[in-house]
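Architecture at a glance
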Amino acid sequence: MEKTAEAGDFISEAIRGDLASGRCSYVRTRFPPEPNGWLHIGHCKALSIDFGRAKEFGGTTNLRMDDTNPAKEDVSFVRAIERDVRWLGYEWDNEFFASDYYEFLYGLAVKIIKKGAAYVDDLSDEEMREYRGTAVSDKNNITLTPPGRDSPCRTRGVVENLDLFARMRAGEFPDGGKTLRAKIDMAHPNLVMRDPVMYRIKRETHYRTGDAWCVYPMYDFAHPLSDAKEGITHSLCSLEFEIHRPLYDWFIKEAEVFPSRQIEFARLNLSHTVLSKRCLALMVNEKRVSGWDDPRLPTIAGLRRRGYTPEAIRDFMSRIGVAKTDSMVDVALLECCLREDLNKRSLRVMAVQKPLKLIIENWDEGVGEELDAVNNPEDPSAGVRKVRFGRALWIEADDFAENPPPKYFRLFVGNSVRLRYGYIVTCTGFDKDGEGRVSAVRCTYDPATRGGNAPDNRKVKGTVHWVNAATAAPIEIRIYEYLFAVERPMETAPGGSFLDNLNPDSLRVVANAYAEPCLATAAVGVNYQFERLGYFVRDGEDGADGRPVFNKTIGLRDTWAKIVKKGV
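This report concerns the structure included in the present document.

How each quantity is defined
Residues numbered from 1 in each chain as written. Predicted model: local features only at pLDDT ≥ 70, side-chain atom pairs only at ≥ 80, totals over all residues. Heavy atoms only, no water. Core = buried A, V, L, I, M, F, W, Y, C linked by side-chain atoms within 4.5 Å. Buried < 20%, exposed > 50% of the residue type's maximum accessible area, 1.4 Å probe, protein only. Helix = DSSP H or I, 4+ residues; strand = E, 2+ residues; numbered from the N terminus. Phe/Tyr/Trp six-rings, centres within 6.5 Å; stacked < 30°, edge-to-face > 60°. Lys NZ or Arg CZ within 6 Å of the ring centre and 35° of its normal. 1 Å grid on protein atoms, 1.4 Å probe; cavity = no way out; pocket = protein on both sides within 12 Å on 5 of 7 lines; lining within 4 Å. Points joined across faces, edges and corners; volume = space filled by probe spheres on them. Nonpolar A, V, L, I, M, F, W, Y, C, P; charged D, E, K, R; others polar. Contact = heavy atoms within 4.5 Å. Polar contact = N/O pair within 3.5 Å; in protein donor to acceptor, adjacent residues only side chain to side chain. Lys, Arg positive; Asp, Glu negative; His and termini not counted. Salt bridge = Lys/Arg side-chain N within 4 Å of Asp/Glu carboxyl O. Expected span 1.5 Å × (residues − 1). Arc of directions from axis to C-beta.

Ile11, Ile41, Val85 and Phe316 are the most contacted members of the largest nonpolar core, which has 45 residues in total. Elements represented by at least two residues in this core include exactly α1 (10-21), α2 (41-56), β2 (60-65), α3 (75-87), β11 (261-265), α10 (300-306), α11 (310-320) and α12 (331-345). In this structure, Tyr102, Phe165, Leu247 and Phe251 belong to the second largest nonpolar core, which totals 34 residues.

Put into structure tokens, the structure is as follows:
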């Protein structure tokens, strides 16, 4: 059974306390993505917490597109976000857009100006950074924040600020010519509180509001006041926003609106990948990957195309729990959750990646036989299927050795193996082509061993999978490895880039594989276990000559179990 919340975690305890004290009488959370890219697995943690805590306390969750930066946002990203949230199994109660609140937010900015708590500034971005000051370390390596300097515009009166702000909205000033800033404290030890910008001038066509606005609210201003407008009781966000919480509370207090409460949790950090939307966008735009849904990316669309299931992802989120400090989670744990889920649901089929012909010399030409094959040993209700056996089969090239190494139990001259669901065969010889490569393996079968059982109880250690050469479906297999060759891709040498850590061997295409004929018509997105090879999923693309493409989701070996055992 999936958990929606970890009993006793600090967020649940805080919500429970707020309900008990009367601070709130209901629970409403929100998931507020910016529509400037596709969701990734890091967002799944936020989704799990936002929707999970609301469900735990009988509350509701809003989906809000935080679309206050017109330069990078697009309706296609909105649709992708909606699709991915639904695919993960979450249903929002209401969908809102921060862009629908522009007039409301503008009115609150005017209100704050009238209180003398905001002013229009003429400083450029560079000058503001200089006036704000920076954190420095003393000789004992203690971080200090020397006071900043007031802008010359800080003493402007309310009437002048109201007039200038209205003219900013009317488009009288150039982009970057003026900003609206909160008047807080230029000596505050938290640099975020040193008169942060509330509005900037930006002539960009917005995907929803068009050119109706040329002033746009900053995230730190729009976020708490959008929460307040929706009556969000608990604004749950990742730990990097902890330093912004005093500003969140300041805007709510000065605007005199609903007192939403911000609570922070540690974001997800996953080994062998990057969870920065900026970095993901860079790889997409530079064509380091095929698109936002490239199966090597940690985007929800990429994971779905790779063969991940919503259940496996939600199980992973429940296992890692909720914490207040950042840590790195080994991707092997995610893979463990996936493997456990796929093992229960995936139909078993046989496919051959590196085909080598196996000829059964004592089987008559043109004669076929139907054998029973188990669809899923974990699910008896899945039943059995028929697989056709015959004289010529495809086997894996690695399942034959001309000169076998020690403890090699597969095919070599004189050795016997079981053919999965079929018969015991004994290798009698092999053929080579003009270049000296093995082109076919020859064997004989024992008719008394149908189903792989030997009446004489002889010991046969090897089992080999196969497909019928006459009926096999040609398929293309794409084998994916980690996109990054190192555990922590963002850790680079001075002057380096995370792109330097890309794995050049993260994709290998097997263009001439064969599989059971049922895979010729497999539906997109259906998961299979290719016996002895791993878990695969039907991709939406077709390969060469219209061959169906199957993406390798994950191997059969459980890396996480080995890690846990080693740590015991």
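After that view of the structure, there is still more to cover.
Per the counting criterion, the structure on display carries 27 aromatic pairs. With a centroid separation of 6.5 Å and an interplanar angle of 20 degrees, the aromatic rings of Trp38 and Trp292 are classed as stacked. With Trp38 in the loop between β1 (28-31) and α2 and Trp292 in the loop between α9 (277-285) and α10, the pair connects residues that are 254 residues apart, well separated along the chain. Classification of Trp292 by relative accessible area gives buried; the value is 12%. Ring centres 5.5 Å apart and planes at 55 degrees place the aromatic pair Phe389 and Tyr423 in the tilted group. Highlighted residues: Phe389 in strand β18 (residues 384-389) and Tyr423 in the loop between β20 (416-419) and β21 (424-432), separated in sequence by 34 residues. Considered together, Phe389 and Tyr423 belong to a single accessibility category, that of buried residues. Here the aromatic residues Tyr102, Tyr106, Phe165, Tyr199, Trp213, Tyr216, Phe221, Trp250 and Phe251 are joined through ring pairs into a cluster of three or more. Geometry around Phe97 places Arg208 over its ring, the cationic atom sitting 3.9 Å from the centre. Lying over the aromatic face of Phe104, Lys229 brings its terminal NZ or CZ to 4.6 Å of the ring centre.

Turning our attention to the layout of surface pockets. The volume enclosed by the largest pocket comes to roughly 1,400 Å³. As for the largest pocket, its lining consists of 45 residues, and the residues nearest its centre are Glu34, Tyr219, Glu240, Phe241 and Lys277. Secondary-structure elements contributing two or more residues to the lining of the largest pocket are β1, α2, β8 (197-201), α7 (219-229), β10 (234-238) and α9. Looking at the lining of the largest pocket residue by residue, the classes come out as 21 nonpolar, ten polar and 14 charged.

Right, let's get into the environment of Gly148. By the element assignment, Gly148 lies in the loop between β6 (143-144) and α6 (158-170). The spatial distance from the C-alpha of Gly148 to the C-alpha of Asn468 is 77 Å, given a sequence separation of 320 residues. The residues touching Gly148, leaving out its near neighbours within four places in the chain, are Tyr131, Arg132, Met186, Ala187 and Arg194.

Structurally, the position occupied by Ser226 is in helix α7. Reaching out from Ser226, the side chain makes a polar contact with the backbone oxygen of Ala222 at a distance of 2.7 Å.

All right, on to the side chain of Arg306 then. Note that Arg306 resides in helix α10. Here Arg306 sits buried without a salt bridge, and the closest side chain of opposite charge, Glu335, lies 5.9 Å off (N-O distance). Here Tyr480 takes part through its backbone oxygen, which lies 3.4 Å from a polar atom of the side chain of Arg306. In contact with Arg306, other than residues within four places in its own chain, are Pro295, Arg296, Tyr480, Val537, Asn551, Lys552 and Thr553.

What follows is about α6. Between its first and last C-alpha, α6 extends 18 Å over 13 residues, near the 18 Å set by a 1.5 Å rise per residue. Of all the residues in α6, the buried ones are Asn161, Leu164, Phe165 and Met168. Buried residues along α6 cover an arc of 100 degrees about the axis, so they all sit on one side. Across α6 from its buried face, at more than 90 degrees, point the exposed residues Val159 and Ala170. Among the structural elements, α4 (102-114), β4 (118-121), β7 (179-182), β8 and β9 (215-217) are those in contact with the buried residues of α6. Backbone geometry just downstream of α6 places Gly171 in the positive-phi region, at approximately 90 degrees.

The next point concerns empty space enclosed by the protein. Tallying each qualifying case throughout the model produces two cavities of 30 Å³ or more. In this structure, the second largest cavity occupies an estimated 40 Å³ of space. Among the elements that take part in the lining of the second largest cavity, α7 stands out by supplying four residues, more than any other. Tallied by class, the residues present in the lining of the second largest cavity amount to four nonpolar, three polar and one charged.

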